[in-house]
Amino acid sequence: MEKNNILEQMQNMTIDLNSKALIEKAEKDGVETMYKRKLGYKVQCGFGLQGVCCRNCGMGPCRISAKTPRGLCGADEHTIVGRNYARMCAGGAAAHSDHARDITHTLGLTTPGGAYQVAEPEKLKEFAQFMGVDPEGKDIYELAHEVSEVCLMEFGKPHGVSKLLARAPKVRQDIWKEYGIEPRAIDREIATVMHSTHIGCCADIDALVHMAFRCSMADGWAGSMIGTMLSDILFGTPKPVHTEANLNVLDGNNVNIILHGHEPTLSEMIVLASELPEMQDLAKEVGADGITLSGICCTGNELTMRHGIKIAGDFHQQELAIITGAVEAMIVDVQCIFPALAEVATHYHTKFITTSPKAQITGSTYMEFHEETALEDAKTIVREAILNFKNRDASKVMVPELKSEAMVGYAEEAIVGQLNNVVNTQIDDMNTLKPLIDVLASGVIRGVVGVVGCNNARTPSNYNHLTIMKELIKNDYLVVTTGCGASAAAKNGLMLKENAAKYAGKGLATVCQLVDIPPVIHLGSCVDNSRILNICSLVANALDMDIADLPVAGCAPEWMSEKAIAIGTYVVGSGIETFLGVMPPVTGSSRAVEILCGSIKDKVGACFHVNEDAEALAQDIMACIEAKRPHFEELY
Ligand code: SF4
Ligand code: MSK
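Just so we're clear, the structure is a prediction, and the values are computed from it rather than from any experiment.

## Notes on the packing of aromatic side chains
- For the coordinates displayed, the defined rule picks out five aromatic pairs.
- Seen from their ring centres, Tyr116 and Phe235 are 6.2 Å apart, and the 70° between their planes marks the pair as edge-to-face. With Tyr116 in the loop between helix H5 (77-108) and helix H6 (121-130) and Phe235 in helix H10 (residues 205-235), this pair connects stretches of sequence that are 119 residues apart.
- Between Arg167 and the ring centre of Phe130, over which it is positioned, the NZ or CZ distance is 4.7 Å.
- A cation sits over an aromatic face here: Lys396 above Tyr348, 5.6 Å from the ring centre.

Right, dumping it as structure tokens:
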């Protein structure tokens, strides 16, 4: 009885039916998962939840309470919460931007006919010009290398602010200048936060929030934007493509390789290697029908939007994927990788292969990947996976039943292009953007909401994402999504035009049918939230408005990572009201809450809104956009 009760409690932590089935299998197989560990964490640390625990020096940890209202150094709750929040933003900005740095280096390694090539020469030329590099008369690879150098300078240049800010409307740039949050070099903003939050440095909540915003702006309007742009130039701008999602994409007769993490530099090479005839032949030699690649987390998004490679699952399904017993290799690079995968893999034949010096994990098989020897490294890794097929134990295999179809891969060009009934358009003038603007202005589509981000064990996996997305599209709000929110939508049929009539309101459903888009649009991975900034800037520029004037909102219903906090902060900083379904650890400071959920609006035109009730959060989003509409219509 007690056993059943435990299983039920774990299964209630997700609404995904495949996950429920695999949680049961994990129990039978004696494998511990996040869901089991969560049961042991019934009461989480109240100080941590409120953000009032400080261990920024060796005299601590200090925890603020009624009895101890100050740390040993005298820091109060506002200082401690502010420092912790700023450090979360710096952690998130560092992760996204270091990802972008690797992509930038990779652009510098491109050669004609090499492992990495320039897939989008026109986009490169356009971006070069934007970054102040004259493409005239230059060989495309010479240009790529020059752009790589110029972008690398954005990480450490001694003077000036991010060049990418110029993409935003002038009025928005003026707001940033006035509040003083134009980010300088990316690394500088991160270092400044780490310095200022050291013991005995900044102890003023307004100043701490200010530096958190400036640092996050370096993420959105520099690091992530460079990462997205250069990924498109290297690997191709995503175009709408069909895929499937959820753990049933694993193929029982094939060698199953799951790619998990974030950077396309590795995963693109694995795709290339696994398609080689020698690898296909090897798979047959070991008794498999072929090789199935699938993705988890943002690597899944990067691969699906450029190749239609199937999405195995989201952040909360990484352990469960191995528990199917059908995975020959889980290959990871950086970010969002559970260290627990090493232990889970010991129960099955799965090889858990780490590849990055930045994310080595005890118990994994470490096969370091180098961009300089990319294809060779990828072949070695794929071979290792194929040769592991013979170790699969059929008695341990259970691939769950469900998967869903989806259309994914809508870059800025595709969204605007679809609305014009052309694919891969150049977004260059008001005419191109007019159909998008018209459906917004007429109210056929009430607004656009970016519902993005992770899974969080503080809410049932996928529940908040799906509740909010469904409520929004039912009421004619177009949803764009990235990261694990995108996986949730793909797994549940929300990325199919054919389902628009079932889930969307009349206005949105009509637009979906007319222009062939799904009601929830796949924009890519975490770094691709910069695409949202880009689209908002294009529309605002075309209308001569500020981003804050547009009927748009951001939402992270199940956020969990520091990256998500940095994203939320730069989205607010960009003038977009941002709604969170999980309270960040700031409630220990009334001043921090008051600023972030209130007075920051006076500075940047938007603020955070938090509601842990998903239905109510959806209503809050719609009320906020409706309140913006008269002003938008008037300006229009
Ligand atoms: Fe305590 Fe101050 Fe040290 Fe933080 S910095 S651990 S509050 S003494
Ligand atoms: S992977 S940051 S859980 S979206 Fe980008 Fe998913 Fe969040 Fe990681």
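## Remarks on helix H8 (residues 170-179)
- Listed as buried for H8 are Arg172, Trp176 and Tyr179. Down the axis, H8 shows its buried residues gathered within 75° of arc, on one side only. Away from the buried face of H8 by more than 90 degrees, exposed residues Lys170, Lys177 and Glu178 are located.
- Two residues or fewer after H8 comes Gly180, characterised by a positive phi angle close to 75°.

## A look at helix H24 (residues 562-573)
- A rise of 1.5 Å per residue sets the reference length of H24, with its 12 residues, at 16 Å; its end C-alpha atoms lie 16 Å apart and thus fit the reference within 8%.
- The element H24 is extensively covered by neighbouring structure, given that 11 of its 12 residues are classed as buried.
- Gly575 sits one or two positions beyond H24 and adopts a positive phi of about 90°.

## Remarks on the site of ligand 2
- As a matter of local geometry, ligand 2 sits amid 13 residues, with His262, Cys298, Cys336, Cys484 and Cys526 nearest to it.
- Breaking the shell around ligand 2 down by element, the ones donating at least two residues are helix H13 (297-307) and helix H20 (483-491).
- Among the residues forming the shell around ligand 2, the class breakdown is eight nonpolar, four polar and one charged.
- Viewed by domain, the shell around ligand 2 spans two of them, domain 3 (247-396) and domain 4 (405-635), each represented by three or more residues.

## Here we look at the pairing of strand S13 (residues 520-524)
- When you tally the buried positions in S13, you get five out of five residues, the bulk of the element.
- Bridge count between strand S12 (residues 477-482) and S13: four bridges; the pairing is parallel. Note that in S13 the partner of Thr482 across the bridge is Gly524.

## Some thoughts on the pattern of salt bridges
- According to the stated counting rule, one finds 42 salt bridges in the structure shown.
- Of the charged contacts, one joins Lys358 and Asp98 as a salt bridge, the two residues approaching to 3.0 Å between their closest N and O atoms. You can see Lys358 sitting in the loop between strand S8 (351-354) and strand S9 (365-366) and its partner Asp98 sitting in helix H5, a full 260 residues away along the chain.
- Exposure remark for Asp98: the relative accessible area of 23% places this residue in the partly exposed category.
- Lys474 is the partner of Glu471 in a salt bridge, and the nearest nitrogen-oxygen pair spans 3.3 Å. One end of the pair is Glu471 and the other is Lys474, both in helix H19 (residues 463-474) and three residues apart, which spans about a single turn.

## Observations regarding the packing of H6 against H10
- At a closest axis distance of 8 Å, the pairing of H6 and H10 adopts a crossing angle of 145°. As H6 packs across H10, the resulting crossing turns out to be left-handed. Of the residues in H10, those touching H6 at Lys123, Leu124 and Phe127 are Met229, Leu230, Asp232 and Ile233.
- The class makeup of the residues in the contact of H6 with H10 is five nonpolar, no polar and two charged.

## Considerations on the domain arrangement of the protein chain
- If you check the domain split of the protein chain, you get domain 1 (2-49), domain 2 (72-235), domain 3 (247-396) and domain 4 (405-635).
- Each of domain 3 and domain 4 has a C-alpha centre, and the two are 31 Å apart.
- Between domain 3 and domain 4, the residue contacts involve 16 residues of the former and 23 residues of the latter.
- Contact between domain 3 and domain 4 buries roughly 1,400 Å² in total, counting both sides, with carbon and sulfur atoms accounting for 61%.
- Looking only at domain 3, the three residues that lose the most surface to domain 4 are Met305, Asp314 and His316, adding up to 36% of its buried area.
- Lys491 is paired through a salt bridge with Asp314; the nearest N and O atoms lie 3.0 Å apart.
- Along the contact surface separating domain 3 from domain 4 lie 11 residue pairs in polar contact (both at pLDDT 80 or more).
- Looking at the side of domain 3 that touches domain 4, the elements that each hand over two or more residues are H13 and strand S6 (310-313).
- Top contributing element to the side of domain 3 that touches domain 4 by residue count: H13, with seven residues.
- The residue inventory of the side of domain 3 that touches domain 4, partitioned by class, reads six nonpolar, seven polar and three charged.

## Let's talk about the side chain of Ser274
- The topology assignment puts Ser274 in helix H11 (residues 264-275).
- Among the polar contacts made by the side chain of Ser274, one reaches the main-chain carbonyl oxygen of Val271 at a distance of 3.0 Å.
- Not counting residues up to four positions away in its chain, the partners in contact with Ser274 are Met279, Gln280, Ile291, Leu293 and Val382.

## Examining the sheet that holds S13
- The strand order across the open sheet formed by six strands is S13-S12-S11-S14-S15-S16, and the pairing between neighbours is parallel. This sheet does not close on itself; its edge strands, each paired only once, are S13 and strand S16 (608-610). Neighbouring strand axes in the sheet, compared pairwise and without regard to direction, differ in orientation by 25° on average.
- As judged from the four bridges shared by strand S11 (residues 447-451) and S12, these two strands associate in the parallel manner. Within S12, the residue paired with Gly447 across the bridge is Tyr477.

## Digging into the environment of Ser561
- Assignment of secondary structure puts Ser561 in the loop between strand S14 (552-556) and H24.
- Judged by relative accessible area, which is 9%, Ser561 ranks as buried.

Procedures and definitions
- Residues numbered from 1 in each chain as written.
- Chains lettered and ligands numbered in written order.
- Predicted model: local features only at pLDDT ≥ 70, side-chain atom pairs only at ≥ 80, totals over all residues.
- Heavy atoms only, no water.
- Phe/Tyr/Trp six-rings, centres within 6.5 Å; stacked < 30°, edge-to-face > 60°.
- Helix = DSSP H or I, 4+ residues; strand = E, 2+ residues; numbered from the N terminus.
- Lys NZ or Arg CZ within 6 Å of the ring centre and 35° of its normal.
- Buried < 20%, exposed > 50% of the residue type's maximum accessible area, 1.4 Å probe, protein only.
- Arc of directions from axis to C-beta.
- Expected span 1.5 Å × (residues − 1).
- Near = heavy atom within 4 Å.
- Nonpolar A, V, L, I, M, F, W, Y, C, P; charged D, E, K, R; others polar.
- Domains from an automatic or database assignment.
- Pairing = 2+ DSSP bridges.
- Salt bridge = Lys/Arg side-chain N within 4 Å of Asp/Glu carboxyl O.
- Axes fitted to C-alpha atoms, helices over the stretch in contact; angles between N-to-C directions.
- Left-handed = near helix turned anticlockwise from the far one by under 90°.
- Contact = heavy atoms within 4.5 Å.
- Buried area = accessible area lost by both parts, 1.4 Å probe.
- Polar contact = N/O pair within 3.5 Å; in protein donor to acceptor, adjacent residues only side chain to side chain.

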